[in-house]
Amino acid sequence: MARGGVHRPPVRSFELPNGLRVRLAPVAESPTASVWVWYRVGSKNEHPGITGASHWVEHMLFEGSPRYAKGAIDRAVLKVGGELNAFTDTDFTAYFTTVPREHLSLPLDIESDRMTRAAITDREVARERTVIHSEREGNENWPEFRVEEELFQLAFRVHPYRWDALGRRHDIETMSAEQLREYYRRFYGPRNAALVVAGGFDPAKTEAEVRRRFSALPAWGEDVSVAEEEPAPAGERRSTLSGPGTTPYVQVGWRSPALTDPSTPATLIVDTVLGGESRIFSAGMGWRGRREHPTARLYRALVDKGLAVRATSGWSPRCYPSLFTVQAQAAAGVSLDRLEHAIESVVRRLARDGPSAREMSDVRARIRRGAALAYEGATSIGFRVGLFSTLRSLELEDELYRELLRVTAAEVREQAQKLFRADARVVVRYEPSGEAGDA
Amino acid sequence: MRETTDPRFIEYGQDLDGLTVARQAPPAGTASFSATYIGPGGWGFDPGSKSGVARVVSQLLTSGTERQSRASLARTLDRAGATLASDCAPESAEVTIWGPSADWEKLLEILAEVVVTPRFAVADLQRVRRQLLERQLRELSQPASRAEYELFRAIYPEGHPYRSTGLGDRRSVVRLTPEHLRRFHRDRYTRNGSLLLVTVPAAFGTVESAVRRSFAELPDGRTPELRFPPVRSTRPRIVKVDLPGRSQVELRIGGDSIARSDPEYPAAFLANEILGGRAQLSRLFQRVRERGGLVYHASSELEAMRYGGYFEVGAGTGADRWRKVADQLTNELARIGERSPTTAELRMVRESSVGELPLSLESTADAHEIALETAYHRLPGDYLLRWPALLRAVRPRDVRRAAETAMDRDHAVTVLAGPLDTSVP
């Protein structure tokens, strides 16, 4: 508890001979137990033709395995009052099941059954195709989704970060069941997985059960590292989309370093100074969403000044160089030129002057707050332990916490100078067409 | 005593001059505290010519106090390790603070300051106004929100509190002044009809004293009443809104329903869970997504409030599939009201609902949320403990009968919003 200021319960880590990394985080008084399996497989491991395969496999892992016929996983978990879900990102896919603690064996059985033996039948793949198509259509209704997809497509020409985890429309329409099975056989297995058990359980008994259920699984899981390197950008890239919407919207991206880069803590501070809440140290599973913060620079310069109705920045540490983004929705009557100019002024000022002492103090207060209460409930514990274990290691969280409190204003300024280069900028604008939506 | 440590139990005190104080123990092993003020500041109380005022007041509660500007309040919260959130609904408005339990008395004082002495600065009003005007456009532009907007307008008559989504109309929102906000706040954020729920590891007497101290300046006010014009039962209708250029059609089928205090609520709750509320176990998920492969999401909701409620069945699907999906949603809605579920189906859904209670008590924030729902409806302190028995007393025929009343398909409205013109004939 409270190691380095991160209020994480003690975690017992071990690895099975087949490569499965196991993390047990017992909380004696917890009425629930949460089981997470994190695969280091995500859209980064796909290629054109099978974009969206990780996400599709995520769906298929609920559609049948030797001991659980189609629909049986859902029924078994929900019947005991549990909840379950999964999500796919660029660098990982995570599955979780939280149950009343006396039912812990159920999710362990499910995960051991589907880790290497999911059925992925032709019939179920065909049926799921429309479901996935529908999920994508739902996202396409939002201009923000379309803009972000375009932004990454524009920014990356070689690296797999150029497509969204949902996959391209055409690939969803054409990918075969055999392609999905091949993808699953290659990458899914103990060697690419971390199993996290958090909440109310007896650690010795659970360790024995984990060993019994998972040790016999084959040591599958090919190398998931990505060989393609994106060349350095040689100038600004921009594009404009149009379609239904309310007011103009813009997203600007700059090439950003990978998680392993020593500048990661400084980049996280840049993100917090510009955007608001700490992305890493916030309560619950706030990995992608974030709350507005009235002291954030973008908010003050754009929303308070009447140029935008929403404005924030975004940076999630990733395994490979990615994008640092700023996005803003214009207030009525404000042009995208004006909005873009204001964004540029904000980031340039940060690169020129760095954050103030007060801002550094505010940001540190937010980080401390987030770290103190981020670990409440078995599900949140499983999420955080799994996330850091997958991104690199559990110690990453402690290191980041210490570094975030240590980074100086000068280092943040220096990092802002490196990030916000005009020749590394990508801009996607969205111009709403027509009326807001009357028939 | 079990009541003082079991988060399923809510202790109520005597009204403090109209303000009801309730206390819940946090889940074991948690280190946070949560408190919510909830009172009759919902948009059902918007004066006719000032639609949107409740929403603006609610949003501005977190934007500073007489003593602290918005930035200063944000810094106070950051340093206290706390988070503040406000929200409003047709009948009520609420403000919640969440932070470390070690400093709960200090945080309660911050909550009181926010509720009792909001700033309503002109610049903040202008900001929220701009945001609200954009949200009004978004509500009409997005198929999902547009479908809900049209559904409520089709179900409820003019002047009914559930008819709008609280965003107000443009004409009214642009004319709101700080004085309008102050007047609404003065009339609606009062002791009478309000509740303060505190989830904290402290004895009730200590909590009550702290509330008495912190909220001493909350005015008495008078208990306001909502006006409910009669909802006329009509034949099933279809409302179509063509939104060209979107990818997906959103469907909603809904109607007027029962209040939370209705004796049939437990049976109606289970009817909704069987139909579409219990995620993957529900009929809608099974039929429309799992077997039909037609949608990503299909679900139903029973929103039982203090004075009434509504139900809705919803799904989003491609422009080429919406007719088939609409048929399936309609058929399932009809089936739940026509035939009793089997004993096995009822048992599975019921035990799932009973079993999830521990998951609702994982964190202080989770536990606080279900206690707030219980306390707002003035349900007994041991209601969450008795909830499993209430559900287990429901028989299959009770479910059918409750569905007939609470999810009346004969008077339901169907709304379609999305790219309808590109659909197959």
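The model shown is predicted, which means the values in this text are computed figures rather than measured ones.

Engineer: I'm lost on the overall build of chain A in this one. Help?
Structural biologist: Scanning chain A from terminus to terminus reveals 15 helices and 11 strands. Taking 439 residues into account, the globule formula puts the C-alpha radius of gyration at 22 Å, and chain A, at 22 Å, falls close to it. Projected onto the principal axes, the alpha-carbon positions of chain A cover approximately 60 × 50 × 45 Å. Here chain A holds 439 residues, and the buried ones make up 56% of them.

Engineer: Got a minute to help me understand the sheet that holds strand β9 (residues 298–304) of chain B in this structure?
Structural biologist: Sheets are built from strands that pair by backbone hydrogen bonding, the pairs being arranged parallel or antiparallel. All names here are of chain B. Read from one edge to the other, the open sheet built from five strands follows the order β7-β11-β8-β10-β9, with strand pairing classed as mixed. Unpaired on one side and paired on the other, β7 (237–242) and β9 mark the two borders of the sheet. Looking at each pair of strands side by side, their axes are set apart by 15° on average, direction ignored. The strands touched by helix α5 (residues 143–155) within the sheet are β7, β8 (248–257), β10 (309–318) and β11 (413–418), with β8 carrying the most contacts at an inclination of about 30°. Strands β8, β10 and β11 of the sheet are contacted by helix α11 (residues 322–338), whose axis makes an angle of about 20° with β8.

Engineer: I keep staring at the domain arrangement of chain A and nothing clicks. Help me out?
Structural biologist: Often, the extent of an interface is quoted as the loss of accessible area on bringing the components together. All names here are of chain A. Segmentation of chain A into domains returns domain 1 (12–214) and domain 2 (237–432). Computed from C-alpha atoms alone, the centre-to-centre distance between domain 1 and domain 2 is 27 Å. Listed by partner, the interface residues are 35 residues for domain 1 and 27 residues for domain 2. For the side of domain 1 that touches domain 2, the secondary structure elements donating two or more residues are β2 (21–26), β3 (32–39), β5 (93–100), α5 (143–155) and β6 (193–199). For the side of domain 1 that touches domain 2, the element with the most residues is α5, which contributes 10 residues. Residue composition of the side of domain 1 that touches domain 2, grouped by class: 18 nonpolar, eight polar and nine charged.

Engineer: Just to check I follow, could you spell out the domain arrangement of chain B for this structure?
Structural biologist: Residue and element names in this part refer to chain B. Here the domain parsing of chain B yields domain 1 (2–214) and domain 2 (237–422). Each partner contributes residues to the interface: domain 1 has 33 residues there, and domain 2 has 40 residues. Residue assignment for the side of domain 1 that touches domain 2 shows that the elements contributing at least two residues are β1 (10–12), β2 (20–24), β3 (32–39), α5 and β6 (195–199). Ranked by the residues each element gives to the side of domain 1 that touches domain 2, the list is headed by α5, at nine residues. Residue composition of the side of domain 1 that touches domain 2, grouped by class: 20 nonpolar, seven polar and six charged.

Engineer: Would you mind showing me how to read the interface of chain A and chain B here?
Structural biologist: Listed by partner, the interface residues are 57 residues for chain A and 60 residues for chain B. For the side of chain A that touches chain B, the secondary-structure elements that each account for two or more residues are α2 (72–79), β5, α4 (122–140), α12 (357–373) and α13 (378–391) of chain A. The element contributing the most residues to the side of chain A that touches chain B is α4(A), with 10 residues.

Engineer: What should I look at first to understand the packing of helix α1 (residues 53–60) of chain B against helix α4 (residues 122–141) of chain B in this one?
Structural biologist: The description of two helices packed together rests on the angle between their axes and the distance between the axes. All names here are of chain B. α4 packs onto α1 with a crossing angle of 125° between their chain directions and a minimal axis gap of 10 Å. The pairing of α1 with α4 is recorded here as oblique in orientation. The element α1 and its partner α4 pack so that their crossing is right-handed. Taken together, the residues of α4 that come into contact with α1 (itself represented by Arg55, Val56, Gln59 and Leu60) are Asp124, Leu125, Val128 and Leu132. Tallied by class, residues from the contact of α1 with α4 come to five nonpolar, one polar and two charged.

Engineer: Just checking my understanding: could you explain helix α15 (residues 409–419) of chain A for this structure?
Structural biologist: Given 3.6 residues per turn, any residue in an α-helix points the same way as the ones three and four places further on. Residues and elements named next belong to chain A. Looking at α15, one finds that the buried residues are Val412, Gln415, Ala416 and Leu419. Down the axis of α15, the smallest arc covering the buried residues is 105°, so these residues share one side. Packed against the buried residues of α15 are β8 (249–256), α9 (264–275), β10 (322–330) and α11 (336–353).

Engineer: What is the right way to look at the nonpolar core in this model?
Structural biologist: Soluble globular proteins tend to pack their nonpolar side chains together in the buried interior. Counting residues in each nonpolar core, the largest one holds 181 residues, and the members touching the most others are Leu180(A), Leu195(A), Ala308(A) and Ala271(B). Every residue in contact with Ala308(A), bar those within four places of it in the chain, is listed here: Leu302(A), Val303(A), Ala328(A), Gln329(A), Ala330(A), Ala331(A) and Leu339(A). Counting 64 residues, the second-largest nonpolar core is a separate cluster that includes Val21(B), Leu60(B), Leu107(B) and Tyr189(B).

Conventions adopted
Residues numbered from 1 in each chain as written. Chains lettered and ligands numbered in written order. Predicted model: local features only at pLDDT ≥ 70, side-chain atom pairs only at ≥ 80, totals over all residues. Helix = DSSP H or I, 4+ residues; strand = E, 2+ residues; numbered from the N terminus. Rg over C-alpha atoms; globule rule 2.2 N^0.38 Å. Buried ≥ 20, exposed ≤ 12 C-beta atoms within 10 Å, placed from the backbone. Pairing = 2+ DSSP bridges. Axes fitted to C-alpha atoms, helices over the stretch in contact; angles between N-to-C directions. Contact = placed C-beta atoms within 7 Å. Domains from an automatic or database assignment. Nonpolar A, V, L, I, M, F, W, Y, C, P; charged D, E, K, R; others polar. Parallel < 35°, antiparallel > 145°, perpendicular 65-115°, else oblique. Left-handed = near helix turned anticlockwise from the far one by under 90°. Arc of directions from axis to C-beta. Core = buried A, V, L, I, M, F, W, Y, C linked by C-beta atoms within 7 Å.

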